Amino acid sequence: MLLDYNPMQGAVADDRAYITRQPLPPLNRWVQSYWQLKVAKGQFLYHSVPDNCVDWIINLNSASDNFLVPPFLSSTLFHIDGPASFFGIRFRILGHRGLIAIPLGEWGMAGSVKAADLLPTAIVCSVFGSLENSKCFDECCNNLSKVMLSAVKFADVDVRLARYIRYCYKNVSSHLDLSDSQCAEFGVSARQLRRLTKQHLGLLPKDFGKVMKFQSTLKGMNTLACNQAYLDHFYDQPHFIREFKRLSGVTPTQFLKMSVLYNHFSVD
């Protein structure tokens, strides 16, 4: 399913260190964006925030360091020993199913999972090879797109789950109703919906909705004054700040000022 949902991460002070690109159709049905992260020598942290997406992260210097990160509910710090260079594939919601038949709820562990545990060896090797033989980010994206297009397949999406996801997307500025009567409009009970979302989205229904609202707020913060961004999504500013900090680990003001990639030893 293709939604006009384009989640964000925080800003990186050095605009050469983190770059992104959106793939062209038809691959954009599965992949939301490609990204590349490069760091110099040293100990770095990357402060990632929830976005409801699966990321496939590949260490360009090591074929074995190749893993998938499922959706998460609170900010996550990735430790990076530089110099290092990583390439990422950020899938759309459920887009990873074009390559991975195993539902998120059966991945078997929290945090990252080795790509080789979920994907055929031939695909993992082809993806790494397309990146290894590329000279720049744009060439990486172009070569990878060819490999991805030859591998991805349309996967059936449970219509009940699709109705719920579209409901969250259309009502991101409202209080989500997850009562049995509302869930009946999706074709499930509230209990069945919890099982469906945990199995296929990796999060409970209320948590998936919170992250979608959080991402919508991030976009608002980039176009509105920070103290006005909450108006379309929260009852009041204190509620907005508490919820934002719960998901991002920092206040809205701190998030706007910070670089999410920073040298570990430069932090007090």
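Data block above holds the structure.
Turning next to the pattern of salt bridges. Inspection of every chain in the model, using the stated rule, returns six salt bridges. The closest approach of N and O atoms between R16 and D14, which form a salt bridge, is 3.2 Å. Since its relative accessible area comes to 67%, R16 is described here as exposed. Look at D14 and you get partly exposed, because its relative accessible area is 32%. Put simply, R160 and D158 hold a salt bridge, and the shortest N to O gap is 2.8 Å. The class for D158 is partly exposed, based on a relative accessible area of 25%.

Turning our eyes to something else, we now look at the pairing of strand 5 (residues 76–91). In the sheet, strand 2 (residues 31–48) pairs with strand 5 via 15 bridges, with the strands oriented antiparallel. Bridge pairing in strand 5 links V39 to A84. Relative to strand 5, strand 3 (residues 55–59) runs antiparallel, the two being bridged by five bridges. Pairing of I57 across the sheet is with G88, part of strand 5.

Within the secondary structure layout, F154 lies in the loop between helix 2 (137–151) and helix 3 (159–170). You can call F154 exposed: its relative accessible area is 63%. When the C-alpha atoms of F154 and L99 are compared, they prove to be 8.9 Å apart, with 55 residues separating the residues in sequence.

Parameters and conventions
Residues numbered from 1 in each chain as written. Predicted model: local features only at pLDDT ≥ 70, side-chain atom pairs only at ≥ 80, totals over all residues. Heavy atoms only, no water. Salt bridge = Lys/Arg side-chain N within 4 Å of Asp/Glu carboxyl O. Buried < 20%, exposed > 50% of the residue type's maximum accessible area, 1.4 Å probe, protein only. Pairing = 2+ DSSP bridges. Helix = DSSP H or I, 4+ residues; strand = E, 2+ residues; numbered from the N terminus.

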